[in-house]
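Residue-level listing of the chains:
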Amino acid sequence: MVKNRRFEEETSGFGVRHVQILLLFCALTVGFGMRVNLSVAIVAMAEFPEYNWSEQIKSLVLSSFFWGYVLTQVPAGPLARRFGGKVTILTGLSICSVLTVLTPLCARLGGWKLLCAVRLLEGICQGFLFPSCHTVISAWAPPKERASMGNFTYAGNQFGTIVMLATSGLLAAFGGWPCIYYASGGAGCIWAVIYYLWGASSPAESKSISAEERELIEMGQFGERTVTIEEQEVEKPHQQITPWLSFIRSPAVLALVVVQSAYAYGFYTLLTQIPSYMKNVLDKDIKSNALLSSLPYAAMLLLSLFFAWLSKAMQRKDSISLSFQSQDQDTLAVVLLILTVGISSAAHVGFLINHIDLSPNYAGILMGICNCIANFMSLAAPLVVGVVVTNNKDVHQWRLVFFVAAAIYFIGNSVFLIFGRTNVQPWNDPPAKSSSNSTPQLESQKQ
């Protein structure tokens, strides 16, 4: 059985690297808060005649974010390597925060068309988030701490969703639907100031990291190289030639694309449609709707911690290899939704950080490629619902929506179990040049 370095014993001690992971957690929290705010806000907006749009228009508005989101996925990885993950994350979320605060004004002035345009721009800005986070995690996380750091970082997805869905109903009830956008956009602006002051793209750029902690991180990462230090060509990350053809030819990468696409379709079907399902089928009011809609993501957050522990426990015991990894009816429907979304948190210690396992050097680029393709499925999710659900109170039409998502989940997971890998791929490290005779040093050892 092939061991994965990220499931060895973790080192102890709180350091600057943990502060950086906390800041990334907060980035994903505010990012997802701004991403999902429309899911509940559009329900509250529908109570006003000027915003009582058809299901087709609602689906178009909900999907517009992802049209922009998909555009910046692939270039985000190389840009994060060139300028640093901090720059791309900070720029993207800062602009997105300002646009979110301006959303109510744009909706009043231009209706659903201008709202679609604003959401598209927000998607473009947030397209930098995941590839840049992967780039920063791969720079800051020693292999032994990668599982816990990656899991904690991406738990921000659920935490932001929980906070936004749980509070948006109250915000809409007591301050009107614009408060949903003001709160989420304002939180993003506050985070941007904090990250500007304390964030860093890598240990080499941090002014507060100790020499011992920096050496700990760099020594762990050198241990993952697929060539020896003597064979390694020393180049800055943005000077290395990206092995694009190797990505395309790798079965492990292709399997990662498939499973991430399947996950994206199922997850965003639930993310964008649970509030509408709660209101139209289960007949929940805006406050209880928002609270109930947040419960699946609360379960996902809690179960992500459980799965992180379970995966490490099973790996340590050699028991599994990562390479194969009525009112009553209304209540039952809610419970099933909670379990469905909650169990999907296993992805946090599976494919979601598998990009770093395959290639620490190109993790951000791999995430950008996979997320770009996957988000075409995210685009399709609300559009499929708009086609299938012609009567939003017809439970049989909603049942078909969930059956389709379940089938796609099953296919994606099966492909990943068969073809997925967790070892560092040979193309991770750039080949040595024949003229190179020097022995590279760790960054922390250079004068």
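Residues numbered from 1 in each chain as written. Predicted model: local features only at pLDDT ≥ 70, side-chain atom pairs only at ≥ 80, totals over all residues. Heavy atoms only, no water.

1. Some remarks on the overall build of the protein chain
- In terms of helices and strands, the protein chain carries 15 helices and zero strands.
- Buried residues in the protein chain amount to 56% of all 447 residues.
- In the form shown here, the protein chain has an accessible surface area of approximately 18,900 Å², with 67% of it arising from carbon and sulfur atoms. (Helix = DSSP H or I, 4+ residues; strand = E, 2+ residues; numbered from the N terminus. Buried < 20%, exposed > 50% of the residue type's maximum accessible area, 1.4 Å probe, protein only. Areas by Shrake-Rupley, 256 points an atom, 1.4 Å probe, with all protein chains shown as cover.)

2. Section: the nonpolar core
- Among the nonpolar cores identified, the biggest contains 81 residues, and M45, I89, Y154 and W191 are the most heavily contacted of them.
- Broken down by element, this core gets its largest block of residues, 16 residues, from helix α1 (residues 16-45).
- Setting aside residues no more than four positions away along its own chain, I89 makes contact with L24, A27, L129, S132, C133, V136, W191 and Y195. (Core = buried A, V, L, I, M, F, W, Y, C linked by side-chain atoms within 4.5 Å. Contact = heavy atoms within 4.5 Å.)

3. Some details on the pattern of salt bridges
- Tallied over the full model, the rule gives five salt bridges.
- The shortest N-O distance in the salt bridge between R17 and E213 comes to 3.0 Å. With R17 in helix α1 and E213 in helix α8 (residues 211-222), this pair connects stretches of sequence that are 196 residues apart. The residues R17 and E213 share a single accessibility class, namely buried.
- In this structure, the salt-bridge partner of R146 is D357, at a minimum N-O distance of 3.8 Å.
- What makes R146 buried here is its relative accessible area of 1%.
- Through salt bridges with shared partners, a single ionic network connects R17, E145 and E213. (Salt bridge = Lys/Arg side-chain N within 4 Å of Asp/Glu carboxyl O.)

4. A closer look at the environment of E215
- Counting through the fold element by element, E215 comes out in helix α8.
- Sequence-wise, E215 and P203 are 12 residues apart; in three dimensions their C-alpha atoms are separated by 9.3 Å.

5. Points about the side chain of N371
- Looking at the secondary structure, you find N371 in helix α14 (residues 363-388).
- Within the structure, the side chain of N371 is placed 3.1 Å from the side chain of Y69, a separation counted as a polar contact.
- Residue contacts for N371: discarding those within four places in its chain leaves Y69, Q73, F130 and Q260. (Polar contact = N/O pair within 3.5 Å; in protein donor to acceptor, adjacent residues only side chain to side chain.)

6. Examining the packing of α1 against helix α2 (residues 55-69)
- At their nearest, the axes of α1 and α2 sit 11 Å apart, and the two run at 175 degrees to each other. Here α2 runs roughly antiparallel to α1, going by the angle between their axes. On the side of α1, the interface is formed by R35, L38, S39 and I42, while α2 contributes K58, V61, L62, F65 and Y69.
- Here the residues of the contact of α1 with α2 are counted per class, giving six nonpolar, one polar and two charged. (Axes fitted to C-alpha atoms, helices over the stretch in contact; angles between N-to-C directions. Parallel < 35°, antiparallel > 145°, perpendicular 65-115°, else oblique. Nonpolar A, V, L, I, M, F, W, Y, C, P; charged D, E, K, R; others polar.)

7. What to know about the packing of aromatic side chains
- Applying the stated rule across the entire model yields 19 aromatic pairs.
- Ring plane angle 25 degrees and centroid distance 6.1 Å describe the contact between F32 and F130, whose orientation is recorded as stacked. Pair noted here: F32 is in helix α1 and F130 is in helix α5 (residues 129-140), with a separation of 98 residues, a long-range link. The pair formed by F32 and F130 is uniform in burial state, with each residue classed as buried.
- Pairing W177 with Y181 gives two aromatic rings, centres 6.0 Å apart and planes at 90 degrees, and the pair type is edge-to-face.
- Owing to a relative accessible area of 1%, Y181 belongs among the buried residues under this scheme.
- Taken together through their ring pairs, the aromatic side chains of F65, F66, Y69, Y263, F267, Y268 and F351 make up a single cluster.
- Taking NZ or CZ as reference, R35 lies 4.2 Å from the ring centre of F32, over its face. (Phe/Tyr/Trp six-rings, centres within 6.5 Å; stacked < 30°, edge-to-face > 60°. Lys NZ or Arg CZ within 6 Å of the ring centre and 35° of its normal.)

8. Considerations on helix α15 (residues 395-419)
- Over its 25 residues, α15 extends 37 Å from the first C-alpha to the last, a length consistent with the 36 Å expected when each residue adds 1.5 Å.
- When α15 is considered as a whole, its buried residues turn out to be Q397, W398, V401, A405, G412 and F416.
- Structurally, α15 contributes buried residues whose contacts are with α10 (251-280), α13 (354-358) and α14.
- Two to three positions downstream of the cap, the backbone nitrogen of H396 sits 2.9 Å from a side-chain oxygen, assigning the N-cap of α15 to D394. (Expected span 1.5 Å × (residues − 1).)

9. Notes on the side chain of K58
- With respect to the helices, strands and loops of the structure, K58 is situated in helix α2.
- For K58, a relative accessible area of 15% gives the class buried.
- For K58, the residues in contact, after removing those within four places along its chain, are I42, A46 and W53.

10. Observations regarding the environment of A262
- Tracing the backbone through its elements, the reader meets A262 in helix α10.
- Setting aside anything within four residues of it in sequence, one finds A262 in contact with I408, Y409 and G412.

11. Points about the packing of α1 against helix α7 (residues 178-198)
- Contact geometry for α1 and α7: axes closest at 9 Å, N-to-C directions at 165 degrees. With respect to α7, the element α1 is oriented roughly antiparallel. Handedness of the crossing formed by α1 with α7: left-handed. Between α1 and α7, the contacting residues are Q20, L23, L24, C26, A27, V30, G33, M34, N37, L38, A41 and M45 on the first element and I180, Y181, S184, G185, A187, G188, W191, I194, Y195 and W198 on the second.
- A per-class count over the contact of α1 with α7 returns 16 nonpolar, six polar and no charged. (Left-handed = near helix turned anticlockwise from the far one by under 90°.)

12. Thoughts on the confidence of the model for the protein chain
- For the protein chain, the average pLDDT comes to 81, and 77% of its residues sit at 70 or higher.
- Predicted confidence is poor over residues 5-10, with pLDDT under 50, and the contacts of this stretch with residues over four places away or in other chains come to 29 contacts.
- Throughout residues 319-327 the model reports pLDDT below 50, and contacts reaching past four residues in sequence, or to other chains, amount to 21 contacts. (pLDDT = per-residue confidence, 0-100.)

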